[in-house]
Amino acid sequence: MIKAMPEWGPYSKKYFGISKVLSHSREEGVRFDFTVLPAVANSDCKAPNVTLPVGVHPWECKSDYSYWSYRQDLEWKDIVYSDVSFTRLSDGATLVRTEIFNNSPLMQNCLVNYFASVQYPFCEYSLPRLPEKCELWSALDYSEFSFNTPRPWDAQVMDAMKKGEFFDGSFYRHRGLGDRDNNRYILPKYPRLAEEKGDRIVYRIISENTYSEPVLCVHYRTTDNASTAFSVNGKTLSLEPTDALGFAYVCLDSFIKGENTLELVSLGGGGAELDFFAVCEKGDRNKVGCTLHKNNFVPEAEEAVASDGGLLRLSYEGLSESFYVKTFNPLTRFRKIETGCLEDVPSPRLSQPDPSFDNMLETFSGEFNYKHSDEGYFHNMLAHTLYISPGESHVEYAVLTDRPVEYLKPSEYEEIYLQRKASAESFRFNEAGKEYEFSNNLLRAAILQNTVYPLWHHGEYVVHHTPGKRWDSFYTWDSGFIGLDMNLISPRLSEYMLDLYLSERDNPDYAFLLHGSPVPVQIYQYYEMLSGSDDRERLYSYYDRAKLFYEFLAGRTHGSTTARFKSGLTTTFDYFYNCSGMDDLPSQAYAYRLNKQLATAPCISSSQVIRTAKLLSIIAEHLGKEEDIGEYRSDIERLTNALNKYAWDEESGYYGYVLHNADGNPEGILKNEDGENMNKTLDGVYPLIAGACESEKSKILLSHLKSENELFTPVGISAVDRSASYFSTNGYWNGNVWFSHQWFVWKAMLDTGEADFAYKIAETALKAWKKEVEYSYYTFEMISITTGRGGWFHNFGGLSSPINLWANAYFAKGSLNCGFDCFKESVRFNEDFTSVHAVISHYNDRDSTVIAVLDGRGSYRAELNGEPVSCFERAKGTVEITIPASVKRADIKIQLV
């Protein structure tokens, strides 16, 4: 796996700040958090919770994480606020700089809180007790595992986990073997492990010892009040009902030094969850046990205050390093907060430095009880009595290290900060796009700072770029869009994300990392990474892994059931409740209401297979993989024919969800009781994105997209046709404009000669985004069609990433963009961006649009394959050129006149 993320970064799942990925003597996935909370004294200050809209805004971030900052509103924005930044001084040292600005008419008395804590993935841990002669292994260390009743996801396990793996803090290593499927939401339920006869688990154990009277000890729990049993190499292992974890035993015929095979086959009964196994001598079996312990969150602390500021040393159990915090303010104090949730502290205690307020959890009235929401502990260091006059600001410095260091003067730290801040990358647009820089750069900062640790990834904990810190999880299609943005920001980080989500053919647990809707944006990300790249030969190594993702969606690998319908159409409803990412899409919701979701084929599933087949066939052509190309062409033809034969609804002019009977034969389109196609939505136009519909149908779908009475709105393309009876103004997707599927439409417009409409999509989105971000400083998930305001999660990246893709496509010098059916063989801008030479392979049977962004200092002329051609200047420096359908290799030159 690629290692791209540093030890220190904005990784907390709780509060804004800086975190370190730790190597703990006992636990995996441990994190040190350092949180900063500036406040106006005696105010209702809000802890900078990453999951809540508390006035904290990611502001800047270098792509190597050597510098980042966030802004926190202490009053409504731009009146009293703070900018908190983290600047890497060395591998183990960070400058924490807090500048508080007072734009109010009153002098302010302020302070800065620093909170240090250690965070464990689980509050407790389980330690087996064993005799000296003993073999121990986890239930997850199996060689083979199968259920008697197969599941569609047996070889496509969610969340990069092993088959049967689940998390539980009371289990050994916090993980057990069973069949917890609560992360699949609404999918069919199957018998639990051991409820049926024939569930099979095989262990091949290398033993250090030979045992004369071997006994197998099993740590387990039953899932209900019923006993169950396994055959173990022909012997019966009985598991009695138990709510808590307990032990069961069975004598073995032999267990020798070297390899031993144990085959467990369920005999039926109640469900079971298995924790660990141990083999010992019969006389030692009572020495095998397990105890549950709580993690120790409280450090040993050494505190000192002198004329040059405060110094804090923290030493935590299980960590080899200590942490040091140095302030440069003699008015520094220390406090203890005996909870894992800062919101348990009444906010005036956080903003009041007086020692009389130091009982941090005490309420101010007997009418309110003390709160203790989470296990944990914060050591609180605060610099206080900071008087700031109107129109002025004040800077507090702190240095955080994991080793003793020699400290500099604050003035020297200021120079380091200014140098690093000046080196922070940001989007820079030409004059026509200058107005979008601020709103796009806040999105850029949110995308980079939306990182969390730990997430468990097939045997190890990793740092993950999440769509927003409200989601402590992987997200397949969101992460693909983040990867597309990262290709602009940091190709190395884009590759890191691609590597996380693509699997290997020999991985028995999954063909791709699945969480959420299986929209294959990683394949588009990979295509964009390759197109125009100078590092193509190395990136080709990902082709087989991208193809594996595709093959699963096409129904050909890892037990995929996506192609089970006789119509030839595909569906992903066996794997997640949401096929398109549009949670409350009326067609999808209606199918569930009728309990027909497993009998329906949505348009997006087949359309995405068609479109990604076209992308991968282009890559396969470059690799000389003729057999693969033939396979892709066969899929494209089959699915294109099926969509047009079964899914087209002439009456509505949309494609529909296709219903199937119990035999898998198509039975018509999903309609409501009034005969209205329930898919007058973006899903219903997806064959246009796939390039899978003939000219007349394309025109009809385009008319829906362009109509301001149907899909097009003042803030962009609606997920649902506004003329449909089921359109709502206040749903999640229904009634709002999201940007993700609009990106697919925009790319398709470049493939269909609709350059004007493509620009309208981008410009409308950029203007709506700019308006909201400049007002609130938040980067929301979507925009309300009714109000024009952003909604839902406030510091979102994920599916809002196309905002950056559009701004860069039209306004960032040195960018060259085209549709899905073009592959950039080479792109070369000169140093001052007054000319570009590009070679593009053209796979479209229609005219395609290419967008190049140059300097904009004058007029431009263009050549195509050595012949002068007309070009259109969309904005100053933004030049568009058309590749005719007949041209299959376009040598394009654009230069200043």
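Structure: see above.
A brief look at the structure comes next. From a predicted model like this one, the values you see are computed outputs, not experimental measurements.

1. Quick look at the sheet that holds strand S3 (residues 31–40)
Okay, so step 1: Judged by pairing direction, the sheet is antiparallel, and its six strands sit side by side in the order S1-S2-S3-S8-S26-S25 without closing on themselves. For this open sheet the edge positions go to strand S1 (8–9) and strand S25 (332–337), each flanked by a neighbour on one side alone.

2. Overview of helix H10 (residues 603–623)
Okay, so step 1: The terminal C-alpha atoms of H10 lie 30 Å apart, and with 21 residues this matches the ideal 30 Å at 1.5 Å per residue to within 8%.
Okay, so step 2: Burial analysis of H10 places 18 of its 21 residues in the buried class, the great majority of the element.

3. A word on the packing of helix H6 (residues 521–530) against H10
Okay, so step 1: Interaxial distance between H6 and H10 falls to 10 Å at its minimum, and their mutual angle equals 30 degrees. Relative to H10, the element H6 lies roughly parallel. Considering only the axes of H6 and H10, their crossing is left-handed. For the pair H6 and H10, the contacting residues are Ile523, Tyr524, Tyr526, Tyr527 and Leu530 in the first and Gln608, Arg611, Thr612, Leu615, Leu616, Ile618 and Ile619 in the second.
Okay, so step 2: For the contact of H6 with H10, the residue count by class is nine nonpolar, two polar and one charged.

4. A few points about the state of the cysteines
Okay, so step 1: Using the criterion set out here, one finds zero disulfides in the structure.
Okay, so step 2: Lacking any disulfide linkage, Cys134 is separated from the closest cysteine sulfur, that of Cys280, by 5.4 Å.
Okay, so step 3: On the basis of relative accessible area, Cys134 is assigned to the buried category, the value being 15%.

5. A few points about the nonpolar core
Okay, so step 1: Within the largest apolar cluster, 203 residues are counted, with the highest numbers of intra-cluster contacts made by Phe34, Tyr526, Trp743, Phe744, Trp746 and Trp806.
Okay, so step 2: Among all residues touching Trp743, those that are not within four sequence positions of it are Phe481, Leu484, Tyr524, Pro802, Leu805, Trp806 and Phe820.
Okay, so step 3: Counting 30 residues, the second largest nonpolar core, distinct from the first, contains Phe147, Ile201, Ile205 and Ala272.

6. A word on the sheet that holds strand S34 (residues 666–669)
Okay, so step 1: Spatial ordering of the open sheet is given by S30-S33-S34, a layout of three strands whose pairing is antiparallel. The two strands at the open ends of the sheet, each matched to only one other strand, are strand S30 (600–601) and S34.
Okay, so step 2: Taken together, the three bridges between strand S33 (residues 658–660) and S34 define a ladder with antiparallel strand orientation. Looking across to S34, one finds that His660 is bridged to Pro666.

7. Regarding the packing of aromatic side chains
Okay, so step 1: If you walk through the whole model with that rule in mind, you get 71 aromatic pairs.
Okay, so step 2: With centroids separated by 5.6 Å and ring planes inclined at 65 degrees, the aromatic side chains of Phe438 and Tyr777 adopt a geometry described as edge-to-face. Placement of Phe438 in helix H3 (residues 437–449) and of Tyr777 in the loop between helix H15 (755–776) and strand S38 (782–784) is noted, with a sequence separation of 339 residues between them.
Okay, so step 3: Taking the relative accessible area as the measure of exposure, Phe438 reaches 32% and is therefore partly exposed.
Okay, so step 4: Geometrically, the ring pair formed by Tyr550 and Tyr632 is edge-to-face, given 5.2 Å between the ring centres and 75 degrees between the ring planes.

8. Considering the side chain of Asn808
Okay, so step 1: When you line up the elements, Asn808 lands in helix H16 (residues 802–811).
Okay, so step 2: In this structure the side chain of Asn808 is engaged in a polar contact, spanning 2.8 Å, whose partner is the backbone oxygen of Asn804.
Okay, so step 3: When residues no more than four places from it in sequence are discounted, the contact partners of Asn808 are Phe427, Phe429, Leu488, Ser815 and Val853.

9. A few points about the pattern of salt bridges
Okay, so step 1: Counting across every chain of the model gives 67 salt bridges.
Okay, so step 2: In this structure, Lys706 engages Glu754 in a salt bridge whose closest nitrogen and oxygen atoms are separated by 2.8 Å. Placement of the pair is Lys706 in helix H13 (residues 695–706) and Glu754 in the loop between helix H14 (740–751) and H15, with a sequence separation of 48 residues.
Okay, so step 3: Across the pair Glu708 and Lys760 runs a salt bridge whose closest N-O atoms are separated by 3.6 Å. Separated by 52 residues along the polypeptide, Glu708 in the loop between H13 and strand S35 (712–713) and Lys760 in helix H15 bring together distant segments of the chain.
Okay, so step 4: You can call Glu708 exposed: its relative accessible area is 52%.
Okay, so step 5: Salt bridges sharing common partners tie together Arg505, Lys547, Glu551, Arg556, Asp628, Glu631, Asp635 and Arg638.

10. Here's the deal with the packing of H3 against H16
Okay, so step 1: The contact between H3 and H16 brings their axes to 9 Å, and the two run at 135 degrees. On the basis of the axis angle, H3 is oblique to H16. Of the two possible hands of crossing, H3 and H16 adopt the one that is left-handed. Here Asn440, Leu443, Arg444 and Ile447 of H3 come into contact with H16, specifically with Ile803, Asn804 and Ala807.

11. What to know about the pairing of strand S48 (residues 889–896)
Okay, so step 1: Of the strand pairs in this sheet, strand S42 (residues 835–842) and S48 are connected by seven bridges, and their pairing is antiparallel. Bridge pairing links His837 to Lys893 in S48.

12. Describing H14
Okay, so step 1: Helix length check: H14 (12 residues) gives 18 Å between terminal C-alpha atoms against 16 Å at 1.5 Å per residue, within 8%.
Okay, so step 2: Across the 12 residues that make up H14, a large majority, 12, are buried.
Okay, so step 3: Looking at H14, one finds that the buried residues are Ser740, His741, Gln742, Trp743, Phe744, Val745, Trp746, Lys747, Ala748, Met749, Leu750 and Asp751.
Okay, so step 4: At the exit of H14 stands Gly753, carrying a positive phi of roughly 70 degrees.

Parameters at a glance
Residues numbered from 1 in each chain as written. Predicted model: local features only at pLDDT ≥ 70, side-chain atom pairs only at ≥ 80, totals over all residues. Heavy atoms only, no water. Pairing = 2+ DSSP bridges. Helix = DSSP H or I, 4+ residues; strand = E, 2+ residues; numbered from the N terminus. Expected span 1.5 Å × (residues − 1). Buried < 20%, exposed > 50% of the residue type's maximum accessible area, 1.4 Å probe, protein only. Axes fitted to C-alpha atoms, helices over the stretch in contact; angles between N-to-C directions. Parallel < 35°, antiparallel > 145°, perpendicular 65-115°, else oblique. Left-handed = near helix turned anticlockwise from the far one by under 90°. Contact = heavy atoms within 4.5 Å. Nonpolar A, V, L, I, M, F, W, Y, C, P; charged D, E, K, R; others polar. Disulfide = S-S within 2.5 Å. Core = buried A, V, L, I, M, F, W, Y, C linked by side-chain atoms within 4.5 Å. Phe/Tyr/Trp six-rings, centres within 6.5 Å; stacked < 30°, edge-to-face > 60°. Polar contact = N/O pair within 3.5 Å; in protein donor to acceptor, adjacent residues only side chain to side chain. Salt bridge = Lys/Arg side-chain N within 4 Å of Asp/Glu carboxyl O.

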